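Topology and contacts: notes
So the chains spell out like this:
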Amino acid sequence: MADMVKQCEHCDLSETEKFSLLKQAVENYEAKENNLIQILHMAQAIFGYLPDNVLKFIAEEMDLPFSKVSGVVSFYSLFSTQPKGKHNIKVCLGTACYVRGGKKIVDKIKELLDIEVGETTEDMNFSLEVMRCIGACGLAPAIAIDDTVYKRVNPNKLRQILAEYE
Amino acid sequence: MDVKLINGRKHLEEIKNAYKERMKQFERTILICSGAGCISSNCGAVKDALIEALDKYCPKKKINIKLTGCMGTCSIGPAMIVQPSDVFYCNLEPENMEVIVQTDIIGGGIASEFCIKDKKTEEPIPYIKDIDFFTSQQKVVLKNCGSIDCLSLEEYVVNDGYLGLYKAITEMTPEDVISEISKAGLRGRGGGGFPTGMKWKFARKSDGDEKYVICNADEGDPGAFMDRSLLEGDAHGLIEGMAIAAYAIGARKGYVYVRAEYPLAVERLEHSLKAAKAANLLGKNIFEHGFDFDIEIRIGAGAFVCGEETALIASVEGQRGEPRQKPPYPSDKGLFQKPTIINNVETFGNVASIIMNGSEWFTSMGTKKSPGTKVFALAGDIENTGIIEVPMGITLGEIIFDVGGGIPRGKKFKVAQTGGPSGGCLTSEHLNVPIDYDSLIELGAIMGSGGLICMDEDTCMVDVARFFMEFVQEESCGKCVACRLGTKRMLEILERITKGDGREGDIEKLEKLGNAIKDTALCGLGQTAPNPVLSTIQYFREEYEEHIHDKYCRAGVCSDLFISPCENACPAGVNVPGYIALIAAGRVKDAYNLIRQENPFPSVCGRVCTHPCESRCRRAQLDDPIAIMDLKRYAADEAMKDTSPFMDIISRKKNKSIGVIGAGPSGLTCAYYLGRKGYDVTVYETEEIAGGMLAYAIPEYRLPQDILQKEINTLKQIGIQIKLGVEVGKDITFEDLKETHDSIYIATGTQVSRLIGIEGEDMSGVYHGLDFLKDVNLGKLKELSGKVAVIGGGNTAIDAARTAMRLGADEVHILYRRTEEDMPADCREIEEALEEGVQIHPLMAPVGFKGDGKIEFIECKQMKLCGFDSSGRKVPKDCEQENLKIDVDLVIPAVSQYSDLPFVSADEVEITKWGTFIVDKHTQMTTMEGVFAGGDVVRGSDAVITAIADGKKAASAIDKFLGGSGELNKGKHIEIPMHYDESELVEHDRFEMHAVEPDKRKNNFDEVSLGFHKLNATAEAMRCLRCDRREG
């Protein structure tokens, strides 16, 4: 299941195809309440984020109140109800990265892209998030853009790194 | 290698034998680290390049290549081990593979450019058995991590994998298993340290036949990556541990709760679970003994609180991760209200080994109450960042300096943070503390999960507390008022303080709030959230006070409190980025004037300052710090070429007079600023020339006398009077001064050489440092010969050594009781001394000067370094070897100075036992009304710039004392160019200061440093990052 979902992360499926994939995911998990979080992960991977209509769909399929589903979504920081940019920049602000200048990297990216943390650029190319420790502390400060982790990032080199994704 | 069904010991043995047979064909095995760190460093490309190179150069050779889990050497990856020789290569790139294949695989030699180098000698250390980082560890939990193929069940079995489970199921009862774990004394490795055996016993006793085993792999502590490495490198170790636990308590289902930020760990765990299931090591009727157990993965969704066990359970149940009241405890009512045990990954990682080797084996390691080992993740300001496993009871200093390699870039150790946002600080006074659960709790800290973040001297502890509180505040689930509101209020206070808006009473409020939250919060997150704040207040209260009262951040981090880190580090507050920008713009005279606003001695400081600014320069994070001191000298030298008179603005005359005792840098600075405020100032100086230590103690080749006097004249020209050859207490009394002047500033410095305190120190031929240098500078001593020994490691010792060389000594030896790295003298000075032929002997301490009336030899003890003192330096202790005898003709002890105050008695004014004045921190006033003091006579031997800063501070305080505003007259405002073109930012090494060649300079006193050429100065100034710029 995870592989299937991974594949569709970057491809263009129609809305109907996406919903049918989601329905399949719910079935794989037997629509059991305690699998809600895993199902939400799948949904976010398929749709890129979790809009209300997707949550309503899940609530119906799993026979749960919408408030229950939305309550779980709002609790966990990895679930996003806003669309993300094409490239998601995650800056690690765990202790080790912070000690090695993580905050300056956030400030610099904010400056370069003119967005705040949690926002997406107007051209929908980049969104910026702060992460709490991806476990690459030996290579602090670290940032991740999509699936690529950059280590020992220098704030003065950020412009070059971002340029690769223009 | 697909593994077929494993139903009994026979199968396990078959796999081992088949593997051994298959391995016989390989002449070498190459292990490539593929822990998460190395994957980010592109180890995949290294592996591909290796295969390509092998195919190209030796396609017939049979070489086995394995991708292993984390080897622990994260900062020098990608890394590789070649077996059977056990050679370690690091910092690898795909292009290097050809060389390694040709030199090592084919040639049988060692590709030494890829080996770890000894820090001091730079010699390569190829073999693992010689590398400290590896040999100082003891791998139990990590025994397979980094040595077996991380995706191979087969290799796990070959290393005695699943034998523990087999033994438990077939030879032991569940009660036996629990008993063994209890006897071993295993304590929860997630941070709590709760006895694992006890937890399992409670779960076993609970009623019900539906029980659960949960592995907490949430690892939310920022800075911790031990569990991650274990999951990615040896997932079967976890699986086996969980299976044994399930057998012990009677569970049939297990969950591993992994945080979503670890996709690689999830992937590898999934792979291993699949393999285990296919081999029937999980599932039904395991080892054909009627034991059923299966494991499912549950992914988290980014909530730190889900590391708390009841919140974790809620999350596994698909709910919001809010903690629940305890009791009931999970072992009673846990997942789905059934008895559950929750243990950390590392705890499970110990279980199989304990069952296999027995509890006695386990208790032979570590301490009595904390047996076994602990995995630590070293991160932050430390050389060897990565994963280590060491026995409990190792000291903090050993972890940081021996295994960890110490603090990089020559910085001092400040704090080690354990336990993440729930933990406390360990400072340099704790370096000798053995690390175990109980010793840390006694210190107000906790073991935590194993994340150990090292922080150096450039860390602001208030900012660190704010950082942790911000994290906890965001992660607070909101269920209980104490945590939800309490952490928010604490964060607000901390943010005000770091922004320069701290108020009286803030510290007390933080303490009160913190303790209240600890007592009333519902779960562990809230109960421990105040720990970093309370701990930093306990050990670094002065930093909080400085932020609040003085609006000063000594570490140079809270940027709302200063212009730039360099300006913040300068005791005199010189606008460093300002004058550097002016030099870059070609406005050198303006640069000189800008410096003079805060420091009237640019020529002097540009040559002899200790430059604390450079140690904070942010450019150092890119390549090298800016040559701030050399640029200051350039500006001063250029400005001094202009011989037209100075036009310092002076305020209206006040008709009040100040008496300054001592015409050193401190006294002259104070006189200068007071003079510009309109006061009449008279300076009384005992000697025949002005300058103090600058004139006497600093040799001519570092600070030429004529340059010093020229600079002193720029101060004199505002109209201050300097009376030379007048000694207060002899030629004029202190009482007279008090009557003549409205206020007095004492800056007489430390004139008397401190004695080492050993036998024979008063013998002829023993010439104390300060006296020696003074006599040379005054022309009284013009030459000497023979063998000279200098005792000490500071600038005075180096000055004495290089001066002795120039006077004609045949050999000059410096004896210092610690190592060369510990010498407080300036690095450039030490380097130049060595170039001139001075020899340095570390770890030597004199115990006696021997001779018949005149010195003949020195008797020395040899020292070794062990343990740590409170400043974080290793303590020299007697080696207890035979004392050495060193023949000498002259000995110059240079081990610090102290002050002598013949003109004022201890009854009238408070002085310390070392003879220095006790003054108010903010005004420099002594306990005698109207009498101020500063410089070395207050601080003991210190640097020129602090003496200058004291003089300035005192001038302001004296002005206030006499009814003025306290604001100094610094002249016209100088416009500083603020435009900064980022496209001009390129990597470039620092422009080095050129010196006269050693052969040409070691027998004369001509100035050694040659100064910058205009082109180099301008280019060096353009390297400045202009940290003074602000947005908007």
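You'll find the structure just up there.
Bear in mind the structure is a predicted one, so any value in this text is a computation, not a measurement. Think of each chain on its own: its residues are numbered from 1, step by step along the sequence as written. Working convention: letters from A go to chains and numbers from 1 go to ligands, in the order in which they are written. For this predicted model, a pLDDT threshold of at least 70 governs which residues receive local features, and a threshold of 80 or more governs which side-chain atom pairs are given and counted, while totals over whole chains, interfaces and linings are taken from all residues. Hydrogens are left out, water is left out, and the side-chain values use all remaining heavy atoms of the structure.

This next bit is on the overall build of chain A. The way it works is that DSSP assigns letters per residue, a run of H or I at least four long becomes a helix, a run of E at least two long becomes a strand, and they are numbered from the N terminus. Helices and strands together make up the secondary structure of chain A, namely 8 helices and 4 strands. Each helix and strand of chain A, placed in order from N terminus to C terminus, yields the pattern α-α-α-α-α-β-α-α-β-β-β-α. The cut-offs for exposure are 20% and 50% of the maximum accessible area for each residue type, with area from a 1.4 Å probe on protein chains only; residues under the lower value are buried, those over the upper are exposed, and the others partly exposed. By residue count, 52% of the 166 residues in chain A fall in the buried class. Any pair of residues with heavy atoms lying within 4.5 Å of one another is described as a contacting pair. Sequence separation of at least 24 residues holds for 59% of the intrachain contacts in chain A that already meet a minimum separation of 6. Residue burial considers only the protein chains on display, and all accessible areas are found by Shrake-Rupley using a 1.4 Å probe. When the accessible area of chain A is evaluated, it comes to approximately 7,900 Å², of which 46% is carbon and sulfur surface.

This brings us to the interface of chain A and chain B. Each partner contributes residues to the interface: chain A has 43 residues there, and chain B has 60 residues. Two parts placed together each lose some accessible area under a 1.4 Å probe, and adding up what both lose gives the buried area. Per-residue buried area on chain A facing chain B is highest for Phe-75, Thr-95 and Arg-132 of chain A; these three make up 18% of the total on that side. By definition, a salt bridge exists where a carboxyl oxygen of Asp or Glu is found within 4 Å of a side-chain nitrogen of Lys or Arg. In this assembly, chain A and chain B are joined by 1 salt bridge. The salt bridge involving Lys-157 of chain A is made with Glu-987 of chain B; its shortest N-O contact spans 2.7 Å. As used in this structure description, the phrase polar contact means that two N or O atoms lie within 3.5 Å; if the pair is within protein, one of them must be able to donate a hydrogen and the other to accept it, and residues adjacent in sequence are counted only when both atoms belong to side chains. Linking chain A with chain B are 16 residue pairs in polar contact (both at pLDDT 80 or more). Counting residues per element, the ones that place at least two in the side of chain A that touches chain B are α3 (36–47), α5 (66–75), α6 (95–99) and α7 (102–113) of chain A. The greatest single-element share of the side of chain A that touches chain B, amounting to 5 residues, is contributed by α5 of chain A. In the side of chain A that touches chain B, the residues fall into 17 nonpolar, 13 polar and 13 charged. When residue character is reported, Ala, Val, Leu, Ile, Met, Phe, Trp, Tyr, Cys and Pro are called nonpolar, Asp, Glu, Lys and Arg charged, and the others, Gly included, polar.

All names here are of chain B. Any two rings among Phe, Tyr and Trp, with Trp reduced to its six-membered ring, count as a pair given centres within 6.5 Å; such a pair is stacked if its planes are under 30 degrees apart, edge-to-face if over 60, and tilted if neither. Enumeration according to the criterion identifies 22 aromatic pairs over all chains in this entry. Plain terms: the ring middles of Phe-467 and Phe-468 are 5.3 Å apart, the flat faces sit at 65 degrees to each other, and that makes the pair edge-to-face. The exposure classification of Phe-467 matches that of Phe-468, with both residues buried. Relative to Phe-1005, the ring of Tyr-701 lies with its centre 6.3 Å away and its plane at 40 degrees, an arrangement referred to as tilted. Linking Tyr-701 in the loop between α30 (693–696) and α31 (705–716) with Phe-1005 in the loop between α38 (998–1001) and α39 (1014–1021), this pair joins segments that are 304 residues apart in sequence.

Quick look at the side chain of Ser-439 of chain B now. Secondary-structure assignment places Ser-439 of chain B in helix α17 (residues 437–442). Those residues in contact with Ser-439 of chain B that sit more than four places away from it in its chain are Val-433 and Pro-434 of chain B.

Take the sheet that holds strand β1 (residues 28–33) of chain B next. Residue and element names in this part refer to chain B. The 4 strands are arranged β2-β1-β3-β4 in an open sheet whose pairing can be described as mixed. Because the sheet does not close on itself, it has two edges, and the strands there are β2 (63–68) and β4 (87–89). On average, each strand axis in the sheet is tilted by 20 degrees relative to the strand beside it, whichever way the strands run. Across the sheet, helix α4 (residues 97–106) touches β1, β2, β3 (80–83) and β4, and the angle it forms with β3 is around 25 degrees. Being paired, for any two strands, means DSSP has found at least two bridges between them. The axes are straight lines fitted to the C-alpha atoms, using for helices just the contacting stretch, and the angles between their N-to-C directions are given from 0 to 180°.

A surface patch of nonpolar side chains, amounting to about 280 Å² of accessible area, comprises Phe-194, Met-198 and Phe-202 of chain B. Residue placement: Phe-194 of chain B occurs in the loop between α8 (174–184) and α9 (196–205). Nonpolar side chains (Val, Leu, Ile, Met, Phe, Trp, Tyr) are joined into patches within 5 Å and like charges within 9 Å, using only residues with over 30% relative accessible area and no salt bridge.

This next bit is on the sheet that holds strand β31 (residues 931–933) of chain B. Residue and element names in this part refer to chain B. Reading across from one edge, β19-β18-β17-β20-β31 is the order of the 5 strands in this open sheet, with parallel pairing throughout. Bordering the open sheet on either side are β19 (721–724) and β31, each of which pairs with just one other strand. Across the sheet, the mean angle from the axis of one strand to that of its neighbour is 20 degrees, orientation sign disregarded. Alignment of strand β18 (residues 680–685) against β19, held across 4 bridges, turns out to be parallel. By the bridge assignment for β19, Glu-685 is matched with Leu-724. Across the sheet, helix α29 (residues 665–676) is in contact with β17 (657–661), β18, β19 and β20 (743–746); its angle to β18 comes to roughly 165 degrees. This element, helix α37 (residues 944–961), spans β17, β20 and β31 of the sheet and lies at about 165 degrees to β20.

Further remarks concern the packing of helix α18 (residues 461–475) of chain B against helix α22 (residues 531–550) of chain B. Residue and element names in this part refer to chain B. Between α18 and α22, the shortest axis-to-axis distance is 8 Å and the interhelical angle comes to 135 degrees. As far as their axial angle goes, α22 and α18 are oblique. On α22, the residues that touch Met-461, Val-462, Ala-465, Phe-468 and Met-469 of α18 are Pro-532, Val-533, Thr-536, Phe-540, Glu-543, Tyr-544 and His-547. Class assignment for the residues of the contact of α18 with α22 results in 9 nonpolar, 2 polar and 1 charged. Put simply, angles under 35 degrees are roughly parallel, angles over 145 are roughly antiparallel, angles from 65 to 115 are roughly perpendicular, and the rest are oblique.

With that settled, consider the pattern of salt bridges. Residue and element names in this part refer to chain B. Using the criterion set out here, one finds 79 salt bridges over all chains in the structure. A salt bridge links Glu-261 to Arg-259, with the nearest nitrogen and oxygen atoms 3.5 Å apart. Under the relative-accessibility criterion, Glu-261 is labelled buried at 17%. A salt bridge links Arg-587 to Asp-590, with the nearest nitrogen and oxygen atoms 3.0 Å apart. Take Arg-587: its relative accessible area is 31%, and that puts it in the partly exposed class. Through salt bridges with shared partners, one network takes in Arg-702, Asp-799, Arg-802, Arg-806, Glu-829, Glu-832, Glu-835, Glu-836 and Arg-1001.

A word on the pairing of strand β11 (residues 340–344) of chain B. Of all 5 residues making up β11 of chain B, 5 are buried, and the element is well covered by its neighbours. Here β11 of chain B shows two buried faces, one formed by Thr-340, Ile-342 and Asn-344 of chain B and the other by Ile-341 and Asn-343 of chain B.

Among the 8 residues that make up helix α13 (residues 309–316) of chain B, 8 are buried, leaving the element largely enclosed by the rest of the structure. Buried residues of α13 of chain B: Glu-309, Thr-310, Ala-311, Leu-312, Ile-313, Ala-314, Ser-315 and Val-316 of chain B, and no others. On the buried face of α13 of chain B, the contacting elements are α3 of chain A together with α9, β7 (212–217), β8 (253–258), β10 (291–299) and β11 of chain B. Of the residues one or two after α13 of chain B, Gly-318 of chain B is the one with positive phi, at around 85 degrees.

Take α3 of chain A next. Residues and elements named next belong to chain A. Across its 12 residues, α3 extends 16 Å between first and last C-alpha, which sits within 8% of the 16 Å expected from 1.5 Å per residue. With respect to burial, α3 is a largely interior element, 11 of its 12 residues being buried. Where α3 is concerned, the buried positions are Leu-36, Ile-37, Gln-38, Ile-39, Leu-40, Met-42, Ala-43, Gln-44, Ala-45, Ile-46 and Phe-47. With its phi angle positive at about 90 degrees, Gly-48 sits one or two positions after the end of α3. Given a helix with a known number of residues, its expected span is that number minus one, times 1.5 Å.

For the rest of this paragraph, the subject is the side chain of Ser-206 of chain B. Residues and elements named next belong to chain B. By the element assignment, Ser-206 lies in the loop between α9 and β7. On the basis of relative accessible area, Ser-206 is assigned to the buried category, the value being 13%. Setting aside anything within four residues of it in sequence, one finds Ser-206 in contact with Lys-211, Ser-331, Asp-332 and Pro-339.

All names here are of chain B. Side-chain atoms within 4.5 Å are what join buried Ala, Val, Leu, Ile, Met, Phe, Trp, Tyr and Cys residues into a set we call a nonpolar core. If you look at the biggest cluster of nonpolar residues, it comprises 113 residues, and the most contacted ones within it are Tyr-162, Val-177, Trp-200 and Phe-287. Take this core: its biggest share by element is 11 residues, from helix α11 (residues 235–249). Setting aside anything within four residues of it in sequence, one finds Trp-200 in contact with Val-177, Ile-178, Ile-181, Ala-245, Ala-248, Ile-249, Ile-341, Asn-343, Phe-348 and Val-351. Within the second largest apolar cluster, 73 residues are counted, among which are Ala-591, Ile-720, Ala-747 and Phe-991.

Residues and elements named next belong to chain B. Along the chain, the position of Cys-866 falls in strand β26 (residues 855–868). Note: C-alpha distance between Cys-866 and Val-891 (25 residues apart in sequence) is 28 Å. If we skip the residues at most four places from it in the chain, Cys-866 touches Val-875 and Lys-877.

Let us now look at the state of the cysteines. Residue and element names in this part refer to chain B. Disulfide: a pair of cysteine sulfur atoms within 2.5 Å of each other. By the definition in use, this model includes 0 disulfides over all chains. Of all cysteine sulfurs in the structure, the one in Cys-74 sits closest to Cys-70, which takes part in no disulfide; the separation is 4.0 Å. Residue class for Cys-70 comes out buried when judged on its relative accessible area of 10%. You can see Cys-866 has no disulfide; the closest cysteine sulfur is in Cys-879, sitting 8.8 Å from it.

What you tend to see is this: most non-glycine residues have negative phi, and most peptide bonds are trans. In the segment running from Gln-83 of chain B into Pro-84 of chain B, the intervening peptide bond is cis, with an omega of 10 degrees. Inspection of the secondary structure assignment puts Pro-84 of chain B in the loop between β3 and β4. Residue Pro-328 of chain B follows Pro-327 of chain B across a cis peptide bond; omega there is 5 degrees. Take Pro-328 of chain B: it is sitting in the loop between α13 and β11. Despite not being glycine, Ala-31 of chain A shows a phi value in the positive range, around 50 degrees. Summarising the element assignment, Ala-31 of chain A is placed in the loop between α2 (15–28) and α3. The backbone phi angle of Glu-288 of chain B is positive, close to 50 degrees, even though this residue is not glycine. Tracing the backbone shows Glu-288 of chain B in the loop between β9 (283–286) and β10. Of the residues examined, Glu-288 of chain B reaches a relative accessible area of 53% and is grouped as exposed.

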